[in-house]
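Chains, contacts and geometry: an overview
Listed below, chain by chain, are the residues.
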Amino acid sequence: MGNRAVICMKDNNKETTINDNDLGIYLHWNGSEDDINHFLERAKILMDNRLGDVDYGKARLLGVIHEEIKGNLSLGLDKCKYLDTDNFDNGTYIVDCSKMEVINRV
């Protein structure tokens, strides 16, 4: 149990489904819509005029989340095929990392 979610990170908003090899962030306790939007807003501010640089954006999003979740539990990173994308709490948020916006939720 928890407040689980996966953030499936995309390079642009053309694809709104989960692919096995997409990079994903697993959250055990911070998966609510409010939490996700908070993380995305902080990453968006941090990226500033480099927002479209998706490789750096993905890293900075992970860094923002890492700063907010203390300890050594409740945060993971892997390909989506290895994460609990069907977790019965908040599901999976598909994020366009070029804009730091949720584009779908499954």
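Computed from a prediction, not measured in an experiment: that's the story for all the values here.

Further remarks concern helix α1 (residues 33-47). Taking 1.5 Å per residue as the helical rise, α1 with its 15 residues ought to reach 21 Å, and the 21 Å between its terminal C-alpha atoms agrees with that figure. Listing the buried residues of α1 in full gives Ile36, Phe39, Leu40, Ala43 and Met47. For α1, the angular spread of the buried residues around the axis is 95°, confining them to a single face. With respect to the buried face of α1, the exposed residues turned more than 90 degrees away are Asp34 and Ile45. The inward-facing, buried residues of α1 abut β1 (5-10), β2 (23-27), α2 (54-68), β4 (92-96) and β5 (101-105).

To continue, consider unusual backbone geometry. When glycine is set aside, most residues are seen to have a negative phi, and most peptide bonds are trans. Located in the positive-phi region is Asp48, a residue other than glycine, with phi close to 50°. Summarising the element assignment, Asp48 is placed in the loop between α1 and α2. Taking the relative accessible area as the measure of exposure, Asp48 reaches 56% and is therefore exposed. Located in the positive-phi region is Met100, a residue other than glycine, with phi close to 55°. For Met100, the position within the fold is in the loop between β4 and β5. By relative accessible area, which is 3% here, Met100 ends up buried.

Conventions adopted
- Residues numbered from 1 in each chain as written.
- Predicted model: local features only at pLDDT ≥ 70, side-chain atom pairs only at ≥ 80, totals over all residues.
- Heavy atoms only, no water.
- Helix = DSSP H or I, 4+ residues; strand = E, 2+ residues; numbered from the N terminus.
- Expected span 1.5 Å × (residues − 1).
- Buried < 20%, exposed > 50% of the residue type's maximum accessible area, 1.4 Å probe, protein only.
- Arc of directions from axis to C-beta.
- Contact = heavy atoms within 4.5 Å.

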